Amino acid sequence: MNRYERWNLLLELVAEAGRLDVSETARKLGVSSATIRRDFDELADQQLLSRTRGGVIAHSVSYDLPQRYKVAQHAPDNQRIASAAAALVPVGATIGLNGGTTTTEVARVLANRPDPPSGRRGPAFTLVTNALNIAHELAVRPHLHVVTTGGSARAESYELVGPVATGMLADVALDVAVLGVDALDVKHGASAHGEGEAAVNRLMAAKARQVIVVADSSKLGRRAFALVCPLKQINILVTDSAAPAELTAGFEDVGIRVIRV
């Protein structure tokens, strides 16, 4: 387990228990007490938890782990999903990308796709995103045009939300929206845990000619608090091979092309 995986687990544990002890946590994770002390100190410095004598307590912030430290539970699946989704995007397209582990992988695949010809005029892709981490990583790529929405930053996910973000999206046209969602259900549609993210995602879907949802099988058949869009707005679902056929059949029945990788 590397440091970032350990930090992820520590934050999950403190969120569940409310308090962690150095010695007990070291035994549970199979590392030294010195390692856990360093981890606790670094996470406290980043204001992700609060240090106490002999341990830590849960911080007042939400424990939706920031994107830079989040280790996807389904990382290999997410990488395959991202590669398949990126392959659907034509060169020269204007693409809307929201935040999340899978959409971050989509952005990376697009940035490294070998097919844009070197002599092509204009950017290989125009990426419109409300994800600060995606914009930060890809802004240095000279063959990409990266546009951010603006808005209020969510510390939990590095996404920009609010009226500034939705106001900007109201004035753009997207060829494709590639959206990561927290849940996708045959009756409820695509949804997210937070209403702020859902509002931005909803507008991305509305402004796009084609909507591609990227979601591993753990997201399917579930509902989250805030609606992103109904199924009729989704053209393609890219998911992993573990998705049950009887579940994906429900999406296909309403006209969604399902790609399982």
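Look a little higher up for the structure.
So, here's what we can say about the structure. Only a predicted model underlies this, so the values are computations on that prediction, with no experimental measurement involved.

### Some thoughts on the sheet that holds strand β1 (residues 19-21)
1) Next: Spatially, β1-β3-β2 is the arrangement adopted by the three strands of the open sheet, whose pairing is antiparallel. Sheet topology places β1 and β2 (49-52) at the edges, where each strand pairs with a single neighbour. Averaged over all pairs of adjacent strands, the angle between their axes in this sheet comes to 25°, without regard to strand direction.
2) Next: Relative to strand β3 (residues 55-58), β1 is paired through three bridges, and the arrangement is antiparallel. Looking at the pairing, Asp21 lines up with Gly55 of β3.
3) Next: Packed onto the sheet, helix α2 (residues 22-29) meets β1, β2 and β3 and runs at close to 80° relative to β1.
4) Next: Each of β1, β2 and β3 touches helix α3 (residues 33-45); the most contacted strand, β2, lies at about 130° to it.

### Quick word on the packing of helix α4 (residues 75-86) against helix α5 (residues 101-111)
1) Next: At a minimum axis separation of 8 Å, α4 and α5 run at an interaxial angle of 50°. Classed by the angle they form, the pair α4 and α5 counts as oblique. In this structure, α4 crosses over α5, and the sense of that crossing is right-handed. Judged by residue contacts, Asn78, Gln79, Ile81, Ala82, Ser83, Ala85 and Ala86 of α4 engage Thr101, Thr102, Glu105, Val106, Val109 and Leu110 from α5.
2) Next: Within the contact of α4 with α5, the residues separate by chemical class into seven nonpolar, five polar and one charged.

### Structural notes on the pattern of salt bridges
1) Next: Summed over all chains, the structure comprises eight salt bridges.
2) Next: Among the ionic pairs, Asp77 bridges to Arg80, the shortest N-O distance being 2.2 Å. Here Asp77 pairs with Arg80, and both are found in helix α4, just three residues apart, close to one helical turn.
3) Next: Using a relative accessible area of 37% as the deciding quantity, one classes Arg80 as partly exposed.
4) Next: Through salt bridges with shared partners, a single ionic network connects Glu105, Arg108 and Glu137.

### Section: α3
1) Next: Look at α3: 18 Å from first C-alpha to last across 13 residues, which is about the 18 Å you get at 1.5 Å a residue.
2) Next: Listing the buried residues of α3 in full gives Thr35, Ile36, Asp39, Phe40 and Leu43. An end-on view of α3 places all buried positions within 135° of arc, on one side of the element.
3) Next: Structurally, α3 contributes buried residues whose contacts are with α1 (3-17), β1, α2, β2 and β3.
4) Next: Looking one or two places after α3, you find Gln47, whose phi comes out positive at around 60°.

Criteria and cut-off values
Residues numbered from 1 in each chain as written. Predicted model: local features only at pLDDT ≥ 70, side-chain atom pairs only at ≥ 80, totals over all residues. Heavy atoms only, no water. Pairing = 2+ DSSP bridges. Helix = DSSP H or I, 4+ residues; strand = E, 2+ residues; numbered from the N terminus. Axes fitted to C-alpha atoms, helices over the stretch in contact; angles between N-to-C directions. Contact = heavy atoms within 4.5 Å. Parallel < 35°, antiparallel > 145°, perpendicular 65-115°, else oblique. Left-handed = near helix turned anticlockwise from the far one by under 90°. Nonpolar A, V, L, I, M, F, W, Y, C, P; charged D, E, K, R; others polar. Salt bridge = Lys/Arg side-chain N within 4 Å of Asp/Glu carboxyl O. Buried < 20%, exposed > 50% of the residue type's maximum accessible area, 1.4 Å probe, protein only. Expected span 1.5 Å × (residues − 1). Arc of directions from axis to C-beta.

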